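# Coordinate analysis (summary)
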Amino acid sequence: MDYETASSRTNSIRKFYKSIFIFAIFAVLIIPDDIFGEKMINFRLFDRYTILGIWGFIILVKAVKLFLFDSEWERNMIEKELEKEKKPIKY
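Residues numbered from 1 in each chain as written. Predicted model: local features only at pLDDT ≥ 70, side-chain atom pairs only at ≥ 80, totals over all residues. Heavy atoms only, no water.

## Side note on the packing of aromatic side chains
- Under the criterion given, the structure shown has four aromatic pairs.
- A ring pair is formed by Phe16 and Phe67, whose centres lie 5.6 Å apart and whose planes are at 80°; its orientation type is edge-to-face. Note that Phe16 is positioned in helix α1 (residues 3-35) and Phe67 in helix α2 (residues 48-68), a separation of 51 residues in sequence.
- For Phe16, a relative accessible area of 7% gives the class buried.
- Ring centres of Phe23 and Trp55 lie 5.3 Å apart, and the angle between their planes is 85°; on these two criteria the pair is classed as edge-to-face. You can see Phe23 sitting in helix α1 and its partner Trp55 sitting in helix α2, a full 32 residues away along the chain. (Phe/Tyr/Trp six-rings, centres within 6.5 Å; stacked < 30°, edge-to-face > 60°. Helix = DSSP H or I, 4+ residues; strand = E, 2+ residues; numbered from the N terminus. Buried < 20%, exposed > 50% of the residue type's maximum accessible area, 1.4 Å probe, protein only.)

## A word on the environment of Thr5
- One can find Thr5 in helix α1.
- It is 7.9 Å that separates the C-alpha atoms of Thr5 and Ser71, two residues lying 66 residues apart in sequence.

## Some words on the confidence of the model for the protein chain
- Across the protein chain, the average pLDDT comes to 79, with 77% of residues at 70 or higher.
- The secondary-structure element of the protein chain with the lowest mean pLDDT is helix α3 (residues 71-86), recorded at 78, while α2 shows the highest, at 88. (pLDDT = per-residue confidence, 0-100.)

Shown next as structure tokens:
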């Protein structure tokens, strides 16, 4: 892995952890509101849990993209495709 790829990956991981931290802060603020029954935060368009669910799903997609389909995976797929081209076609 070259320096540019490592730097880009490090920045992506930092942004991912920052988004998890912000999600956790909002979850801590929203979820206890329902537990104590005060209903201080009220959304008219969506339910609070719907917003947290959508946000959590977006974070999950980012995690999959960041940790499963990283540059190493991409390089392996490119190498597999190049290997397919090198094999002679048998008729």
